Amino acid sequence: MQDTSLLNEGFALMGLGMGFVFVFLTVLVVTTTLMSRIIGRYFPEPAPASPPSASGRSVSARDDDVMAAISAAVHRHRRRHRR
């Protein structure tokens, strides 16, 4: 009888501990979600301002130049390392 009683107390303690952890983590998730919503509602992030272009060229022109440079590099690499 002693072993069964001790085993039952162990299971009860395990259930109590797991229940406490589950409740704590649930409260933590709910609290974090509420805080995030409150902060997002009352302190929204400002819209990012586009910085003025230093060289006077538009962003898409720079993107086109970068794309052309990448394409040329890939083409050159493939031409050198043909099998």
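I will try to describe carefully the structure that is included in this document.

Calculation notes
Residues numbered from 1 in each chain as written. Predicted model: local features only at pLDDT ≥ 70, side-chain atom pairs only at ≥ 80, totals over all residues. Heavy atoms only, no water. Helix = DSSP H or I, 4+ residues; strand = E, 2+ residues; numbered from the N terminus. Areas by Shrake-Rupley, 256 points an atom, 1.4 Å probe, with all protein chains shown as cover. Patch = residues over 30% accessible without salt bridge, like charges linked within 9 Å, V, L, I, M, F, W, Y side chains within 5 Å. Salt bridge = Lys/Arg side-chain N within 4 Å of Asp/Glu carboxyl O. Buried < 20%, exposed > 50% of the residue type's maximum accessible area, 1.4 Å probe, protein only. Lys, Arg positive; Asp, Glu negative; His and termini not counted. Charge placed at Lys NZ, Arg CZ, Asp CG, Glu CD.

**Regarding the overall build of the chain**
Then, in step 1: Each helix and strand in the chain was counted, giving 2 helices and 0 strands.
Then, in step 2: Accessible surface, the chain as shown: approximately 8300 Å² in total, 67% of it carbon and sulfur.

**Here we look at a nonpolar patch on the surface**
Then, in step 1: Taken together, the side chains of Val-30, Leu-34, Ile-38, Ile-39, Tyr-42 and Phe-43 present a nonpolar region at the surface, about 650 Å² in accessible area.
Then, in step 2: Assignment of secondary structure puts Leu-34 in helix 1 (residues 2-42).
Then, in step 3: Here Leu-34 falls in the partly exposed class, since its relative accessible area comes to 47%.

**Considering a positive patch on the surface**
Then, in step 1: A cluster of like positive charges, contributed by Arg-76, Arg-79, Arg-80 and Arg-82, occupies part of the molecular surface.
Then, in step 2: With respect to the element layout, Arg-76 can be found in helix 2 (residues 59-80).

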